[in-house]
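# Report on the structure
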Amino acid sequence: MEGGKPSLALVYQAIQALYHDPDPAGKERASVWLGELQRSMYAWEVSDQLLQLKQDVESCYFAAQTMKMKIQTSFYELPPETHNALRDSLLTHIQNLKDLSPIIVTQLALAIADLALQMASWKGSVHTLIEKYNSDITSMPFLIEILTVLPEEVHSRSLRIGANRRTEIIEDLAYYSSTVVTLLTSCVEKTGSDEKMFIKVFRCLSSWFNLGVLDSNFMASNQLLMVLFQVLQRDETSTNLHEAASDCVCSALYAIENVDTNVALALQLFQGVLTLETAYHMAVAREDLDKVLNYCRIFTELCETFLETTVRSPGQGMGDLRTLELLLICAGHPQYEVVEISFNFWYRLGEHLYKTSDAALNGIFRPYIQRLLHCLARHCQLDPDHDGIPEDTDDFGEFRMRVSDLVKDVIFLVGSMECFSQLYSTLKEVNPSWEVTEAVLFIMAAIAKSVDPENNPTLSEVLQQVVLLPENVHIAVRFTSIELVGEMSEVVDRNPRFLDPVLNYLMKGLREKPLASAAAKAIHNICSVCRDHMTQHFQGLLDIARALDSFALSTEAAVGLLKGTALVLARLPLEKIAECLSDLCAVQVLALKKLLAEESANGKSADPTIWLDRLAVIFRHTNPIVENGQSHPCQKVIQEIWPVLSQTLNTHQADNRIVERCCRCLRFAVRCVGKGSASLLQAARHSGETVWTELHLRSTERMVSVYQVYPHSCFLYLGSILVDEYGMEEGCRQGLLDMLKVGGAAGSVSSCPRGSAAPAAHQDLFLLQALCMPTFQLLEQQNGLRNHPDTVDDLFRLATRFVQRSPITLLSSSIIVHIIQCAIAATSLDHRDANCSVMKFVRDLIHSGVANDHEEDFEVRKQLIGQAMEQHGQQLVTQLMHSCCFCLPPYTLPDVAEVLWEVMVFDRSTFCRWLEHALKGLPKETSGGAMTVTHKQLTDFHKQVTSAEECKQVCWAIREFTRLFR
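Residues numbered from 1 in each chain as written. Predicted model: local features only at pLDDT ≥ 70, side-chain atom pairs only at ≥ 80, totals over all residues. Heavy atoms only, no water.

### Description of the overall build of the chain
Per the secondary structure count, the chain includes 50 helices and zero strands. C-alpha atoms of the chain, sized along the principal axes, occupy 100 × 80 × 65 Å. Scored against the burial criterion, the 966 residues of the chain give a buried share of 54%. Contacts in the chain between residues far apart in sequence, at least 24 positions, make up 74% of those at least 6 positions apart. Put simply, the chain shows about 42,200 Å² of open surface, and 49% of that area lies on carbon and sulfur atoms. (Helix = DSSP H or I, 4+ residues; strand = E, 2+ residues; numbered from the N terminus. Buried < 20%, exposed > 50% of the residue type's maximum accessible area, 1.4 Å probe, protein only. Contact = heavy atoms within 4.5 Å. Areas by Shrake-Rupley, 256 points an atom, 1.4 Å probe, with all protein chains shown as cover.)

What follows is the structure in structure tokens.
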């Protein structure tokens, strides 16, 4: 912090401004200044002084929060000799401030807990605290608060105490756990009916259960367990106490998930929970939804804990099926939020039975699933006075989507066809209300795809009846019936006679605003599945596409319709595709031209993304089968559209969102015609060439020239697509090179004049160089890698394409040094996609010198990789080890392992030395004095990695080793 330590008066002034300044700008300035103070070394002393002065709640809260944050993130700033003084000061503060505010007590308790976890010299902290405060009843609340947060902080991501220290702490807490439980039992006895103390006790007990350190036999006979169930059985228990007790029982159930090793406690909890059925019914009678939800949470956790026991020995002992009865009782509650709590259990049960694949076992559980489905169908009913279509974005809409997913997961236990037929029979045999009909159709739609469509008269009958629904039925019924038809597209494909009536039915829906998007989605499904049958209806689809904006469609539905149309288009005879594709694109192209003309006329820029997205989806899904020697039917159309895309890109070159859409459109255009896009990259060499070629040349040149000014990462991605498609085509490279000679960055791209020859093997490289130099400038800024992860991702996608297409070209160039250095720096980037791309580039680069693919250039590749590794190998291995120990989340470790594996396969002996050197550089102790990693653990890890015979062994070793630093 500039200017030295601030005065307390200045700090108070900033805190007052933060909480009380009526000007938002003043609050923001105060917040920024206080944030700088918290990050500075002065924060320790200032916070301590503020807590001593105890001037007001706000300053004390800021100080307590700052102290907690500093201990969590900056404990290394303090020399070891100050740790004892800090501990004593914090204990004094929490005792002095215990009556000021509960949130201040919690912050100080967290600070003390985090200190205890990091301060290796503070042995037996739990015992010390209990000895110091248990005789003072006024200190009991903050003592219990410390004992509550201490187990919670053991696995906190804010603390990197390492596996060794964590194991030491857990063993210590386990040793003193019975002392803590005895203290809590004593508190309950001494305080009698003090509800606040009961809540604190239950929260604390829950925390210790969650850590998994309580002795199950000790707890099975402990009085606290009995008190828990007494509280839950009492009708007069308050909401807050009921919730705390429920949380504690759920934590206990979770803690004994391995039932076989915790039999005594498991039995007590099992029997205790079964006694709560009466209390549940009482809560239902009193319409106390909070308590009902708590009971359902407990019942669900009971079923989850005893799932394996229930499947292994259904109806016997703790496999008693009354547990499922409890969940089905909850499923009968009128509020859908209650049954929703149990969804994860039903999913797990279905998954377990599916893997077991035992018909007899399935027969035992089938009745329970049937009853569950019946309850779910009832819960999916809309209110009788509901107007309009079902909403899918509100809470109830999301619940119905979760029901649909659950039904799909468990329907195999009942049988898709049997369930579908039963549901249909309920609609035929009785005359249900509209809301019942709609809910049944909704469930039928969920399972329709899992019913075998082959020679199935029931499915045919359902489809036939649905399309005959009169227009005067409730609109919600029509909406869901349209969704059902869309899900039955396989039936239509097997029975083409239904195609005309189905399309007529869906067209009626398309013309009605509330039903239009659902109908469009159904048509999309029909087009996707019935592509060959739909070719006879292509003209109708084209008419719909031309009039797309006359229908009240969501953006997603409109794009879906165009996707379906493009899928059918690809099945037309080749000679018809060009004309039809041109017609399909015409609306979008005309709209883009109109926007460009308006922008040119009045200077106002309109958003073209809707039209670009529509063109992109057309290009993406128009994939006709083109035999060798045939010209691609889409090529001419894309050539004609190219100038409009180029002009759109030029007009909106400063807008990243629109440029991304342009590049996406170009990407799918290139992918659409594949190698046929080669001609799109040819420079105009003869005056007789067509206008589009000149225009396209300028647009491609513009991609690079725009990137010099506006480094949108999507250009890098587009570049990787271009390299992938034609990077190995000799005839494409000259056009690419000519383009880059115009657009390349000065000093980084070849400056030979237009038309001069360059070695063919090196011509692709200019694209990489032209795009790399501005990229490096961007990423070399302060926090450049962290601030631009998309650019990192796309840069290394492009570089990886070059490795895959022409590794020697890349390895022989001067640019490779910069790319490897950038990759090494980016290995520490905690961004899933960016890190994955970086690791893939490094892995593929090294692998190109490992994989002997019998190509003539293998020895050259191997030599060049050897030179690169000699220059960068040690730095790479050191950085990878540092990154996976201190920077990267666990899910990235398999990618790191692949890179290390490739380095080792390339040169095992040299890798052994590099790894040994990297391990020596890792810290051996934490700032709190705890041992991070022992010499034996280092040597064991080195041996495990260097003796590994497959990559997954390296991955396992890294996973275990990095836990020592987390």
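Having seen the model, we can carry on.
### Description of the UniProt feature "domain: Exportin-1/Importin-beta-like" (unreviewed entry) in the chain
In the numbering adopted here, UniProt assigns the feature "domain: Exportin-1/Importin-beta-like" (unreviewed entry) to residues 102-248. Split by type, residues 102-248 is 77% helix and 0% strand. Its first and last C-alpha atoms lie 21 Å apart. (UniProt positions renumbered as here; feature names shortened; annotations may be inferred.)

### What to know about a negative patch on the surface
Where like charges cluster on the molecular surface, the negative patch consists of Glu391, Asp392, Asp394, Asp395 and Glu398. The residue aspartate 395 is located in helix α22 (residues 395-414) in this model. Looking at aspartate 395, the relative accessible area reads 58%, which means it is exposed. (Patch = residues over 30% accessible without salt bridge, like charges linked within 9 Å, V, L, I, M, F, W, Y side chains within 5 Å. Salt bridge = Lys/Arg side-chain N within 4 Å of Asp/Glu carboxyl O. Lys, Arg positive; Asp, Glu negative; His and termini not counted. Charge placed at Lys NZ, Arg CZ, Asp CG, Glu CD.)

### Here we look at unusual backbone geometry
Backbone geometry places lysine 54, a non-glycine residue, at a positive phi of 55°. Relative to the elements of secondary structure, lysine 54 occurs in the loop between α3 (42-53) and α4 (57-73). On the basis of relative accessible area, lysine 54 is assigned to the partly exposed category, the value being 41%.

### Quick word on the packing of aromatic side chains
Counted under the stated rule, the structure contains 17 aromatic pairs. Considering the side-chain rings of tyrosine 336 and phenylalanine 396, the 5.3 Å spacing of their centres and the 55° angle between planes classify their relative orientation as tilted. Of this pair, tyrosine 336 sits in helix α19 (residues 336-340) while phenylalanine 396 sits in helix α22, and the two are 60 residues apart along the sequence. Judged by its relative accessible area of 16%, tyrosine 336 falls in the buried class. In this structure an aromatic cluster arises from ring pairing among Tyr336, Phe343, Phe396 and Phe399. The ring of tryptophan 122 has arginine 87 sitting right over it, with the charged end atom 5.2 Å from the ring centre. (Phe/Tyr/Trp six-rings, centres within 6.5 Å; stacked < 30°, edge-to-face > 60°. Lys NZ or Arg CZ within 6 Å of the ring centre and 35° of its normal.)

### Concerning the side chain of histidine 942
Assignment of secondary structure puts histidine 942 in helix α49 (residues 935-946). The contacts of histidine 942, once residues within four sequence positions are left out, are Cys912, Leu915, Glu916 and Leu919.

### Notes on the nonpolar core
Membership of the largest hydrophobic core comes to 328 residues, with the highest contact counts inside it found for Phe202, Phe841 and Phe961. Both of domain 1 (234-239 + 255-355) and domain 2 (792-965) provide at least three residues apiece to this core. Setting aside residues up to four positions removed in sequence, phenylalanine 841 forms contacts with Phe796, Ala799, Thr800, Val803, Leu810, Ile816, Ile819 and Ala823. (Core = buried A, V, L, I, M, F, W, Y, C linked by side-chain atoms within 4.5 Å. Domains from an automatic or database assignment.)

### Observations concerning the side chain of glutamine 72
In this structure, glutamine 72 sits in helix α4. In this structure glutamine 72 comes out as buried when scored by relative accessible area, which is 15%. Only 3.0 Å separates the side chain of glutamine 72 from the side chain of aspartate 114, close enough to count as a polar contact. Dropping the residues within four chain positions of it, glutamine 72 is found in contact with Asp114, Gln118, Glu153, Ser158 and Leu159. (Polar contact = N/O pair within 3.5 Å; in protein donor to acceptor, adjacent residues only side chain to side chain.)

### A short note on the UniProt feature "domain: Importin N-terminal" (unreviewed entry) in the chain
Taking the numbering used here, the UniProt-annotated feature "domain: Importin N-terminal" (unreviewed entry) corresponds to residues 32-94. Along residues 32-94, the helical share is 78% and the strand share 0%, with 27 Å between the first and last C-alpha atoms.

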